[in-house]
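Chain by chain, the residues:
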Amino acid sequence: YMANWCSIGAELVCFDGREAETLYQKLLADKTEADKLDRGFYIGSDRYFFDSILELNCDTVTLNGSVKWGFTDDEIFAFIKHLKSVVPIKSAEIKYEETGCFIYGCFSYEDGILYDTYLPESCFPDYDEETYYEQLEQLLSTNSQTKIIGEV
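Residues numbered from 1 in each chain as written. Predicted model: local features only at pLDDT ≥ 70, side-chain atom pairs only at ≥ 80, totals over all residues. Heavy atoms only, no water.

**Student:** Go over the sheet that holds strand E2 (residues 50–57) with me, naming the residues and quoting the values.
**Tutor:** Strands sit in the order E2-E3-E1-E4-E5-E6-E7 across an open sheet of seven strands; the sheet is antiparallel. Whereas interior strands pair on both sides, the edge strands pair on one side only; in this sheet they are E2 and strand E7 (145–151). On average, each strand axis in the sheet is inclined to that of its neighbour by 15°, with strand direction left out of account. Running over the sheet, helix H1 (residues 17–36) touches strand E1 (5–14), E2, strand E3 (60–68) and strand E4 (89–98) and is turned about 160° from E2. In the packing of helix H3 (residues 132–143) onto the sheet, contacts are made with E4, strand E5 (103–110), strand E6 (113–118) and E7, and the angle to E5 comes to roughly 50°. (Pairing = 2+ DSSP bridges. Helix = DSSP H or I, 4+ residues; strand = E, 2+ residues; numbered from the N terminus. Axes fitted to C-alpha atoms, helices over the stretch in contact; angles between N-to-C directions. Contact = heavy atoms within 4.5 Å.)

This is the structure we're talking about:
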């Protein structure tokens, strides 16, 4: 099977700038090594990160890119656990979308608990090139479902 690509936008908040710098440098080193080998980099499970852009801003590391197929609950749990093996993570927001498979939502990590807030497939709007993503964001704020994945 050819993988569907799931776009990921992760905002990882550390407790201070020093820890954010440590996390940024670790992810950057992993990305640099993977880029040399023309592959994705390891993020804690079989879900590797591709086409990544990393940024550091004060206590926050931003990671944008894509994964094949999107995250299962176990894989997003493993991703947070992997990050926490580098530095303590204060909070995280990991937006994901693979609209071809009606997948759109946001994982959030707060106070040690991992959540998934997603738009149910039945709530997806008809495709309109001009406003589709605005509609998805609006529907996510009004028609989403949230489940607790667990304590990390």
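**Student:** Describe the pairing of E3, naming the residues involved and giving the relevant values.
**Tutor:** Judged by how many residues are buried, E3 sits mostly within the fold: seven of nine residues are covered. In terms of strand pairing, E1 meets E3 through nine bridges, oriented antiparallel. Bridge assignment links Ser7 to a residue of E3, and that residue is Ser66. Here E2 runs beside E3; their pairing, made up of six bridges, is antiparallel. Opposite Asn57, over in E3, you have Thr60 as the bridge partner. Once E2 ends, the chain turns through two residues before running back antiparallel as E3, passing Cys58 with a positive phi of about 60°. (Buried < 20%, exposed > 50% of the residue type's maximum accessible area, 1.4 Å probe, protein only.)

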